[in-house]
Amino acid sequence: MQDWWKDIVMYQIYPRSFQDSNGDGIGDLRGIINRLDYLESLGIDLIWLSPIYQSPNDDNGYDISNYYEIHPEFGTMQDFEELLDGLHKRGMKLIMDLVVNHTSDEHLWFEESRKSLNNPYRDYYIWKPGVNGGPPNNWMQWFGGEAWEYDERTDEYYLHLFTVKQPDLNWENPKVRKEVHENLKFWLDKGIDGFRMDVISLLSKQLDFPNSTSQNIHYLAEHHYANGPRIHEFINEMYEEVIQHYDVMTVGEGPGITKELANLYIGKDRRELNMIFQLDHMIIDHGSGGKFDIVDFKLTDLKQILDGWEKAIGDEGWNNVFLDNHDFPRMVSRFGNDTTYRKASAKMLNTFLLTQRGTPCIYMGSEIGMTNVAFDDPKDYKDVEAINYFNSIKENGENMDKALKNMHIQGRDNVRVPMQWNDQKHAGFSKEVPWIKVNPNYKSINVSEAENDENSVLHYFRRLVQFRKAHEVLRKGNYQNLDPQHEQIYAYRREYNNNKMMVICNFSDDYLSLPTYVNGRYVFGNYDREDSLRPWEVKVYDLSE
Ligand code: TEU
Ligand code: CA
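J.: Can you walk me through the pattern of salt bridges in this structure?
T.: Under the definition given, this model contains 46 salt bridges. Close ionic contact of Arg416 with Asp327 constitutes a salt bridge, the shortest N to O distance being 3.2 Å. Residue Arg416 is located in the loop between helix 13 (400-410) and helix 14 (447-451), and its partner Asp327 is located in the loop between strand 14 (320-321) and helix 10 (331-334); the two are separated by 89 residues in the primary sequence. By the burial criterion, Arg416 is buried, and Asp327 matches it. Three or more residues are tied together by salt bridges with common partners; here these are Asp59, Lys291, Asp327, Asp383, Glu385, Arg412 and Arg416.

See the structure below:
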């Protein structure tokens, strides 16, 4: 089978927020179907859909209560099949989100499991007796609070690395693994093209459940429950039992996977995953207190992380390249300038993504340069992480203005507000009040405005995708950083057979002079040609003879 997944541009859709078709304020599958022409017009090759399965929505679908059913608010199985078919007809592929580290507590397995110690589903989850009148250990969950919940019915605790409504599955139990394999087959037999595998690094726990010396979740993951003793066995088993029989791709989300461990997951002969979403650059500004303990970062920090990964995985490995997704702030707000130079920096960052080595993944709205949102009222935030955070701020009597500022910088709702289609009511996302408020800047930042402006991020994005498609060197070439120490310029060279290209990105508001090593023929960029480097400018040169 060919490595087609190395040649593609991926696009992530968060279904709740993309397009509502029936006026209930919630994005749905019919909404995506109605936007198929738009998706095709972008030139992208593959859509990753965040979860659309049945779910009580404690964590917006990442808490699944039935893996075989479409959530009614998203539509029906017929809608899903129509969407898949519509994508395939237009030459696009579709991958689904696989969330099998945990289920919802409303999943039948868990409802059974908690009934009694000898229920046939008891061992589907991780139950432990308490220790000294408290939980089995001191682990914290990801969204604040303890990772163990006491259940008086059986006088034991269950593990939930995420919310209390997301109990962790017990992968030691072969029946659980079999259930997952069956589920994989069910969707693959429908003709989908692969999976994005949620927190796949966390499936195998350290069975002695040791106490942790730190409560930072990324520390906890790295030291206690990511890359557990049987992780490679479990992932390889999915591959052998199911994945290898289909021509599909897999990308595993990998909290706690360090670059040194990466090729154990994605190395050519490992028969595990095609690539991972590594998260080191996504936590670049997290302090020891976590994501709301925000620290400054420099461009050289970003280079060190991305180049370090590239070097560590080498020719053997292949990764995904992304700067945001449904869990992290908008790339233009975090890595660019979302005010004065919004358009220039959005174009530059998209170009960066599409000219690095690896498969690029674009989060919906990046193609028009959508930005973070700042709500004044904590009640306008809908994410369980945000709600828990504001509650803890209130309980501890801490400063709410500061908390709101932190949320504006880091919150997950920054990227979950509705897609901005036009300047009409609710941004053209829905006819009725959406489940989460729209970003007030939709009046000026929206698809229809961008269609009418020949200098828009959108038109540039379409040309960029075609530019990548036309140049094998951008997809297959090796990668060399030309100036790892520079604090404003990210410059690199790609090389494949006799083809060479050089990409110069200005990650700053400053006018700079072109570095002396620049040569070749100017072939692509986000300003018109000139021999200087303007704020957030990107220039691509062809060095081939
Ligand atoms: O995310 C797990 C993860 O590693 C995160 O990026 C985490 O959500 C973030 O740092 C918290 O601020 C995955 C999903 O992408 C996320 O949406 C889910 O909430 C989570 O797993 C649980 O399924
Ligand atoms: Ca709807």
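J.: What is the right way to read the coordination of the calcium ion (ligand 2) from this model?
T.: Each pair of donors in an ideal octahedron of six around a metal sits at 90 or 180 degrees, and each pair in an ideal tetrahedron of four sits at 109.5 degrees. Only Asp20 (OD), Asn22 (OD1), Asp24 (OD), Ile26 (O) and Asp28 (OD) from the protein reach the calcium ion (ligand 2) as donors, at distances of 2.2 to 2.3 Å. Sequence positions of the donors to the calcium ion (ligand 2) reduce to the motif D-x1-N-x1-D-x1-I-x1-D. On the accessibility criterion, Asp20 (7% relative accessible area) is buried. With a relative accessible area of 37%, Asp24 lands in the partly exposed category.

J.: Explain the packing of helix 5 (residues 174-189) against helix 7 (residues 231-241) here, please?
T.: Between two packed helices, what matters for the description is the angle formed by their axes and the separation of those axes. Running from amino to carboxyl end, helix 5 crosses helix 7 at an angle of 40°, the nearest separation of the two axes being 10 Å. With respect to each other, helix 5 and helix 7 are oriented oblique. Here helix 5 runs over helix 7; the crossing is right-handed. Of helix 7, the residues touching helix 5 (which contributes Arg177, Val180, His181, Leu184 and Lys185) are Glu233, Phe234, Glu237, Met238 and Glu241.

J.: Teacher, can you tell me more about the site of ligand 1 here?
T.: Of all residues adjacent to ligand 1, which total 20 residues, the nearest are Asp59, Asp198, Lys291, Asp327 and Glu385. In the model, an oxygen atom of ligand 1 is placed 2.9 Å from a nitrogen or oxygen of the His102 side chain. Between an oxygen atom of ligand 1 and a side-chain N or O atom of Lys291, the distance comes to 2.7 Å. Contact with the protein chains removes 99% of the 500 Å² of surface that ligand 1 exposes when unbound. Looking at side-chain class alone, the shell around ligand 1 contains eight nonpolar, three polar and nine charged residues.

J.: How should the sheet that holds strand 5 (residues 93-98) be read in this particular structure?
T.: Either a parallel or an antiparallel arrangement is found when strands of a sheet pair, and the pairing is made through backbone hydrogen bonds. Taken in spatial order, the eight strands of this open sheet run 11-10-9-5-2-1-15-14, and their pairing is parallel. Two strands in the sheet have a free side with no partner beyond their single neighbour: strand 11 (275-277) and strand 14. Pairing between strand 9 (residues 194-197) and strand 10 (residues 249-253): four bridges, direction parallel. Of the residues in strand 10, the one forming a bridge with Phe195 is Thr250. Most of the contacts of helix 5 go to strand 9, to which it runs at about 135°, and overall it touches strand 5 and strand 9.

J.: Explain the sheet that holds strand 7 (residues 148-151) here, please?
T.: Strand order in this open sheet of three strands is 6-8-7, and the pairing throughout is antiparallel. In the strand order of this sheet, the two ends are held by strand 6 (127-128) and strand 7, each with one partner.

J.: Honestly, the packing of helix 12 (residues 384-395) against helix 13 in this entry has me stumped. Any pointers?
T.: For the pair helix 12 and helix 13, the least separation of the axes is 10 Å and the interaxial angle reads 160°. Considering the angle they form, helix 12 stands roughly antiparallel to helix 13. For the pair helix 12 and helix 13, the sense of crossing is right-handed. Of the residues in helix 13, those touching helix 12 at Ala386, Tyr389, Phe390, Ile393 and Lys394 are Met400, Ala403, Leu404, Asn406 and Met407. Classifying every residue of the contact of helix 12 with helix 13 gives eight nonpolar, one polar and one charged.

J.: Help me understand the nonpolar core in this model?
T.: General note: in soluble globular proteins, nonpolar side chains tend to be found buried as a group. Tyr11, Leu39 and Phe80 are the most contacted members of the largest nonpolar core, which totals 144 residues. Beyond its immediate chain neighbours, meaning those up to four positions away, Phe80 contacts Leu29, Ile52, Ile70, Leu94, Met96, Trp187, Lys190 and Ile192.

J.: What exactly am I supposed to notice about the environment of Glu81 here?
T.: Residue placement: Glu81 occurs in helix 3 (residues 77-89). Its relative accessible area of 35% is what places Glu81 among the partly exposed residues. Spatially, the C-alpha atoms of Glu81 and Ile192 are 9.6 Å apart, while their sequence positions differ by 111 residues. There is a polar contact of 2.7 Å between the side chain of Glu81 and the side chain of Lys190.

J.: Before we go on, may I ask you to explain unusual backbone geometry in this structure?
T.: Of note in the backbone geometry, Asn57 takes a positive phi value of approximately 65° without being a glycine. Structurally, the position occupied by Asn57 is in the loop between strand 3 (53-54) and strand 4 (66-70). Despite not being glycine, Trp536 has its phi angle at roughly 55°, a positive value. Locating Trp536 in the fold gives a position in the loop between strand 21 (532-533) and strand 22 (538-542). Taking the relative accessible area as the measure of exposure, Trp536 reaches 5% and is therefore buried.

J.: Honestly, the pairing of strand 9 in this entry has me stumped. Any pointers?
T.: If a strand is regular, its side chains alternate between the two faces of the sheet. Going residue by residue along strand 9, you find Gly194 and Arg196 tucked away on one face and Phe195 and Met197 tucked away on the opposite face as well. Sheet analysis places strand 5 next to strand 9, joined by three bridges and oriented parallel. Bridge pairing links Leu98 to Met197 in strand 9.

Calculation rules
Residues numbered from 1 in each chain as written. Chains lettered and ligands numbered in written order. Predicted model: local features only at pLDDT ≥ 70, side-chain atom pairs only at ≥ 80, totals over all residues. Heavy atoms only, no water. Salt bridge = Lys/Arg side-chain N within 4 Å of Asp/Glu carboxyl O. Helix = DSSP H or I, 4+ residues; strand = E, 2+ residues; numbered from the N terminus. Buried < 20%, exposed > 50% of the residue type's maximum accessible area, 1.4 Å probe, protein only. Donors = N, O, S within 2.8 Å, 3.2 Å for Na, K, Ca; no water. Axes fitted to C-alpha atoms, helices over the stretch in contact; angles between N-to-C directions. Parallel < 35°, antiparallel > 145°, perpendicular 65-115°, else oblique. Left-handed = near helix turned anticlockwise from the far one by under 90°. Contact = heavy atoms within 4.5 Å. Near = heavy atom within 4 Å. Polar contact = N/O pair within 3.5 Å; in protein donor to acceptor, adjacent residues only side chain to side chain. Areas by Shrake-Rupley, 256 points an atom, 1.4 Å probe, with all protein chains shown as cover. Nonpolar A, V, L, I, M, F, W, Y, C, P; charged D, E, K, R; others polar. Pairing = 2+ DSSP bridges. Core = buried A, V, L, I, M, F, W, Y, C linked by side-chain atoms within 4.5 Å.

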